[in-house]
Amino acid sequence: MKRNKIIFYVSTGLLTLLMLFSVSMYFFNHQEVSVMFSNFGYPTYIIYPYAVAKLLGLIAIWNPNFKTIKEWAYAGFFFAFILAFFAHYMIGDGEQTGALIALILLITSYIFNKKTNKQ
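Reference entry: report on the structure contained in this document. Within every chain, residues take consecutive numbers counted from 1 along the sequence as written. The predicted origin of the model limits local features to residues at a pLDDT of at least 70 and limits the giving and counting of side-chain atom pairs to 80 or more, whereas totals for whole chains, interfaces and linings rest on all residues. Only hydrogens and water are set aside when side-chain values are computed; all heavy atoms of the structure are taken into account.

Per the convention used, a helix needs a DSSP run of H or I reaching at least four residues, while a strand needs a run of E reaching at least two, with both numbered from the N terminus. A tally of regular secondary structure across the chain gives five helices and zero strands. Radius of gyration (C-alpha) of the chain: 15 Å, near the 14 Å computed for a compact globule of 119 residues. Expressed along its principal axes, the backbone C-alpha trace of the chain runs to roughly 45 × 25 × 20 Å. A total of 119 residues make up the chain; the buried ones form 33% of that total. With the model as given, the accessible surface of the chain reaches about 7500 Å², and the carbon-plus-sulfur share is 71%. When charges are counted, neither His nor the chain ends are considered; positive counts come from Lys and Arg and negative counts from Asp and Glu. The location of each charge is read from NZ of Lys, CZ of Arg, CG of Asp or CD of Glu. Across the chain, the mean location of the 9 positive side-chain charges is 25 Å away from that of the 4 negative side-chain charges. Each radius of gyration is computed over the set of C-alpha atoms, and the globule rule expresses the reference value as 2.2 Å times the number of residues to the power 0.38. Think of it in three bands: residues with accessible area under 20% of the maximum for their type are buried, residues over 50% are exposed, and the middle band is partly exposed, with areas taken using a 1.4 Å probe on protein chains only. Accessible areas in this description were obtained via Shrake-Rupley with a 1.4 Å probe; residue shielding takes into account the shown protein chains only.

Now the structure itself:
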């Protein structure tokens, strides 16, 4: 049980750091992110709402009282990371590794969250 909790906290902590870095880029380096979103073909007006959604998702994942919302947050992050991976892959900028790492951390966090809640 202790091993499962350690793996959950480490993977979720690393995922949180990655997401906070992403959110900080969205808020504080808006011009560069706007160019990136334009290259993807995404509208730039979704940058700030997307950053807020990422923050709310992190709050839901860390809060043990939000069981249903936590499931939705994991699902939302899963689809966001899959789409980010393929968006980076399709334009060929070589940045898909970050999305792949985030996806692996997310899946690990989800699995070990389930294991720690069973016990």
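What follows is about the pattern of salt bridges. A carboxyl oxygen of Asp or Glu within 4 Å of a side-chain nitrogen of Lys or Arg is what we treat as a salt bridge. As enumerated under the stated definition, the model contains one salt bridge in all. Of the charged contacts, one joins K114 and E71 as a salt bridge, the two residues approaching to 2.5 Å between their closest N and O atoms. Of this pair, K114 sits in helix α5 (residues 96-118) while E71 sits in helix α4 (residues 67-91); the two residues are 43 residues apart in sequence, bridging distant segments of the chain.

This part covers a nonpolar patch on the surface. Every patch collects residues that have over 30% relative accessible area and no salt bridge, joining them within 9 Å if they carry like charges and within 5 Å if they are nonpolar side chains (Val, Leu, Ile, Met, Phe, Trp, Tyr). A surface patch of nonpolar side chains, amounting to about 800 Å² of accessible area, comprises F27, F28, Y48, V52, L56, I59, F66 and I69. Elements with a contribution of two residues or more to the nonpolar patch: α1 (2-28) and α3 (47-62). If one sorts the elements of the nonpolar patch by residue count, α3 sits on top with four residues.

So, on to the packing of aromatic side chains. Put simply, two rings from Phe, Tyr or Trp (the six-membered ring, in Trp's case) pair if the centres are within 6.5 Å, and we call them stacked under 30 degrees between planes, edge-to-face over 60, tilted for the rest. Under the counting rule described, the total for this entry stands at 13 aromatic pairs. Aromatic side chains Y26 and F37 sit 5.7 Å apart centroid to centroid with 90° between the ring planes, which places their arrangement in the edge-to-face category. Of this pair, Y26 sits in helix α1 while F37 sits in helix α2 (residues 30-40), placing them 11 residues apart in sequence. F37 carries the same exposure label as Y26, and that label is buried. By the ring-pair criterion, three or more aromatic residues cluster together here, those being Y26, F37, F40, Y42 and Y50.

This next bit is on the side chain of T116. Tracing the chain through its elements places T116 in helix α5. Two N or O atoms count as a polar contact when they lie within 3.5 Å, although within protein this holds only if one can serve as hydrogen donor and the other as acceptor, and sequence-adjacent residues are included solely when both atoms are side-chain atoms. A distance of 3.0 Å separates a polar atom in the side chain of T116 from the backbone oxygen of N113. Any pair of residues with heavy atoms lying within 4.5 Å of one another is described as a contacting pair. Leave out the neighbours within four places in its chain, and T116 touches N4 and K5.

A separate point is α4. Helix span, expected: 1.5 Å multiplied by one less than the number of residues in the helix. Its 25 residues place the ends of α4 36 Å apart at the C-alpha level, agreeing with the 36 Å of an ideal helix rising 1.5 Å per residue. Those residues of α4 that fall on the buried side of the exposure criterion are K70, A73, Y74, F77, A80, F81, A87 and H88. Looking at the buried side of α4, the elements it contacts are α1, α2, α3 and α5.

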